[in-house]
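Observations on the three-dimensional arrangement
Here is how the chains run, residue by residue.
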Amino acid sequence: MEGRWNLLKALMVWELLWLPWSCLCQRRQELPVLWIMPLSSEPAWGNVTAEVMPAVQLALQHLGKQPAPLRNYELQFHFADSKCDNAKALKAFFEAIFYGPKHLMVFGGLCSSVTSIIAQSLKAWNLPQLSFAATLPALANKRRYPNLFRIVPSNSAVNPALVKFLSNYGWRRVGTLTQLEERFTEVQKNLAEHLKQAGVELVEAQWFSGDPCAAIKTLKENDVRIVIGQFDEFSAAKVFCCVYHLDMFGLKYQWILSGWSETSWWTHTGTSSCSAQSVLSAMEGAVSVDFETLSSQHIRGVSGRTPQEYKQEYDKRCMLKGLGSSKFHGFAYDGTWVVAKALTRVMETLKYREKYSAHRNFTVTEREMANMILQAMSDTKFFGVTGQVLFRNGERVATIKFAQFQAGREVQVGEYSNITDRLEFAGPIWFKGHERTRDHTHVYPQRMEISMVLYSILASISVLGILVTIVFLFFNIQNHNHRVAQMSSPSLNTLLILGTLLSYSFIFLFGLDGSYVPEGVFDALCAIRIWLISIGHSTAFGAMLAKMWRLHLIYESISFRKRNIKNYMLIGIVCGLLLVDMCLLTSLQVLDPLRGTVKEFSLEFDPHGRDFAIRPFLEHCENIHMNIWMMIMYLYKTLLVLLSCVLAWKTRHSNTLTLSHSRCTWISVCIAGPLSVIGAFLALLTRDQPNVQFCIVGVIIITCCSVTLSLVFIPEIILMRTDPDGASLSKQFHSAEREKESERVSEEKESSTKQTDSSASSSMTLISTALIDLLQSDNKYLTMCISELDMELEELTRQLRELSTLSYTNMVNMQDSGEQTDIVTPGSYHYHCKEIQIGTEKCQTLPVGCSGCKDTEDINSPEHVQRRLSLQLPILHHAYLPSIGGVDASCSTPSSPSTQPRALMDLWH
């Protein structure tokens, strides 16, 4: 192998040196040029050098046949073997400079690193360089490489053509797959800038060095349809094997391969797990974009030949030497012409100046010579075999071609000219579905909204609940002075009703979203929602907490009768809870207000394979520090519910006047409290499922409100209907109270034996005080009853006198008619107390004194008294007893108290 490369090197040097000697008879001026290329170190790079040599030889041959002044000069190439190694290349470069001859410029440069390091030192040596194979985009930096020209376009020269191609098909959303090598990463960065300027969205940029499957999978997950691949032909088989396995080809996807146009690379599939047929299937329809290596136009260029004619001559030379074809041979051919035309122009300019100069010894410095050569190359313009040769800021303005893989072969479909900025298509682009590929799945946004049926059902139930609550409110206001209602504290019941009304109203607003209200209104709706549910919950449970606290004090504390629990104290508890709510909600509204936000979910593709998808989105209320605020609110509400449940549990066994009421109260607290806490956490967990969340919240609110109102008000309504005047309530109270007092006395007696004498005396004093208060209340109430009965008795006495007068008149008339009877005058009656048996009960008649009565023998005789009693007592019985409700009610000294003491009424008020 080493001997073969040495022979090839000797042959190339001999061929290049033979041409100048063969034309000595013509006395052509030699123009020494240093050619830096790898010759033997790397076989791959050495092949490129050998494959472009026939093109340079053809250029020298064609130049020799050109008219003056080109035929008057001869390019003389001197080789320096770079071996694609920076140190060896620099050594060869310095030796060529040192040993001579004096070179006018440098030609070649294949390896990017070698070209870069030599190009940076050219300014110091005042040497221009023309490269025909270095395509690294970084070499376009003129601040670092001011003396470097390139006849070959940069790899990034395809990017403007790519953007034009994308715009032509309306693709505004692309992704990139880039191999982690400098020549590809630089192109990708430059492409990203061009896409941004053109308004094309770069959805995803993926990089790979070994296995590309993970990067390709990420592109698919992000719904990238148009993929721009930037990798070499050695990695292409791996890439399209992954494409085949991930099913990223066909109708929905379009691959664009940037920067290379090698053919038959798919036959080398040894590094992949796919067959050549699988790779070709994935590759079908892919578009490759690269600079044009040989013009397709049939135009005779500067050499007098068309690109096709030149290609025939080049292929013939390669065939004779057994060489392959390099993609850079056309640039080497046109580069030789650029060097020859630039140096010829400079030499002719120098001759002209020397001939017409005023100074006999005309000289030009090396710096001036280099600048003249650089300017001459900038002004060079001709049509070569690679197309129009034109430089812009040292870079070749190239023509970019587009080709598509159709049926396993490349077919040229378009061409882009950087000079005219026009994209022309030579043939149609083939798409599998007979329509262009879309750059993304057509996504239909779908709002996740609450079902109208579900909203209607819960809203209807809420309306019914609100109507019932309003009925309870009117009932509570109308009967607030009734003894049963007062035992339940009408003020707290009013607050409880207001809290449930706010909670019911929350259901209507909670079911509204952006489909029902405008965008600006939704932000205000977020604030109203949290205010309604928070104030409603605190008001309702605050009232229940106040009730439980009152019951706890009454039935658990020994000295409860010495503490006068007023309504304002109970309402103050609710107001304190509402004050905490107001502070929290105001801070939330000022510092971090809730706003309507949109949350998008993953795409839901069509199950039938059609090219569209649905993206669900949800509108909900959120702020920046949502978790912190919710944690504070939930902690506060949970503590409120927990305290209410604890107090309800402690008073669950109260055997009191309000047994049914207290039992219903603690049952409602124990049901509504845990339900509200559970509902709050379930609503937080199901916030991404609006129907489930709305159903849970609505059902729990309706259940809590309905159970609470039913257990509070329905027992009161039943008790008022069965006992309108509260008589049975009074008897229950006294029996329960006496029982409780006896239990407390026994407990105190037992505890007094274990305690000191002072503590026992204190306990007995408290019990005695409680009993005295009870008896005083009974006395006060019974005195009031006696006063009412006295008034009724006076009225009956008046009626009795009228009846007595009528009876006396009848007796006089009967006497006048001849009947003998006793004469009774009005006002002369004096009743003595006498027991009269009426049914099974006894009633002692109250004496009614008459000041005008006369104790005469006739009138007050036993016969007259017995007669008057037989006449008047039935009248008294029939006129008096029905008006006061029975025999017991007519007694001046009732057998038992009928209602509760006033002291307890004060406690409940």
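See the structure shown above.
Summarised in this report is the structure supplied together with it.

Conventions used here
- Residues numbered from 1 in each chain as written.
- Predicted model: local features only at pLDDT ≥ 70, side-chain atom pairs only at ≥ 80, totals over all residues.
- Heavy atoms only, no water.
- Axes fitted to C-alpha atoms, helices over the stretch in contact; angles between N-to-C directions.
- Helix = DSSP H or I, 4+ residues; strand = E, 2+ residues; numbered from the N terminus.
- Parallel < 35°, antiparallel > 145°, perpendicular 65-115°, else oblique.
- Left-handed = near helix turned anticlockwise from the far one by under 90°.
- Contact = heavy atoms within 4.5 Å.
- Buried < 20%, exposed > 50% of the residue type's maximum accessible area, 1.4 Å probe, protein only.
- Arc of directions from axis to C-beta.
- Patch = residues over 30% accessible without salt bridge, like charges linked within 9 Å, V, L, I, M, F, W, Y side chains within 5 Å.
- Areas by Shrake-Rupley, 256 points an atom, 1.4 Å probe, with all protein chains shown as cover.
- Salt bridge = Lys/Arg side-chain N within 4 Å of Asp/Glu carboxyl O.
- Disulfide = S-S within 2.5 Å.
- Expected span 1.5 Å × (residues − 1).

Let's shift gears to the packing of helix α13 (residues 452–478) against helix α15 (residues 490–510). Across the interface, α13 lies against α15 with an axial gap of 9 Å and an inter-helix angle of 165°. In terms of axis orientation, α13 runs roughly antiparallel to α15. The handedness of the crossing between α13 and α15 is left-handed. Two secondary-structure elements touch here, α13 through Tyr455, Leu458, Ala459, Ser462, Val463, Gly465, Ile466, Thr469, Ile470, Phe472, Leu473 and Asn476 and α15 through Pro490, Asn493, Thr494, Ile497, Thr500, Leu501, Tyr504, Ser505, Ile507 and Phe508.

All of the buried residues in helix α7 (residues 213–221) are Ala215, Ile216 and Leu219. Mapping the buried residues of α7 onto a view down its axis gives an arc of 100°, with all of them on the same face. Those residues of α7 that are exposed and angled more than 90 degrees off the buried face are Ala214 and Glu221. Looking at the packing, one finds that the buried side of α7 touches β6 (173–179), β7 (201–208), β8 (226–230) and α8 (233–245). Looking one or two residues past α7, aspartate 223 carries a phi angle of roughly 55°, positive in sign.

With that settled, consider a nonpolar patch on the surface. On the surface, a cluster of nonpolar side chains totalling about 360 Å² of accessible area is made up of Val463, Leu467, Ile470 and Phe474. Locating isoleucine 470 in the fold gives a position in helix α13. Judged by relative accessible area, which is 30%, isoleucine 470 ranks as partly exposed.

Attention now moves to the state of the cysteines. A covalent bond between the sulfur atoms of two cysteines is referred to as a disulfide. Counted under the stated rule, the structure contains 4 disulfides. Note that cysteine 84 is cross-linked by a disulfide to cysteine 111, the S-S spacing being 1.6 Å. Here cysteine 84 is found in the loop between β2 (73–81) and α3 (86–99), whereas its partner cysteine 111 is found in the loop between β3 (105–108) and α4 (112–125), with 27 residues between them in sequence. For the residue pair cysteine 84 and cysteine 111, the accessibility class agrees, reading buried in each case. We note that cysteine 705 lacks a disulfide partner, and the nearest cysteine sulfur, in cysteine 704, lies 6.7 Å from it. Given a relative accessible area of 6%, cysteine 705 falls into the buried group.

This brings us to α4. In a regular helix each residue adds 1.5 Å, so 14 residues correspond to 20 Å; α4 covers 20 Å between its end C-alpha atoms and thus fits that length. Looking at α4, one finds that the buried residues are Val114, Thr115, Ser116, Ile118, Ala119, Ser121 and Leu122. Structurally, α4 contributes buried residues whose contacts are with β1 (29–37), α3, β3, β4 (129–131) and β5 (148–150). The first or second residue beyond α4 is asparagine 126, which carries a positive phi of 55°.

Right, let's get into the pattern of salt bridges. In total, this model carries 15 salt bridges according to the counting rule given. The salt bridge involving aspartate 290 is made with lysine 327; its shortest N-O contact spans 3.2 Å. Placement of the pair is aspartate 290 in strand β10 (residues 287–291) and lysine 327 in the loop between α10 (307–321) and α11 (329–356), with a sequence separation of 37 residues. Residue classification places lysine 327 among the partly exposed positions, given a relative accessible area of 22%. Connected via shared salt-bridge partners are Glu181, Arg183 and Asp232.

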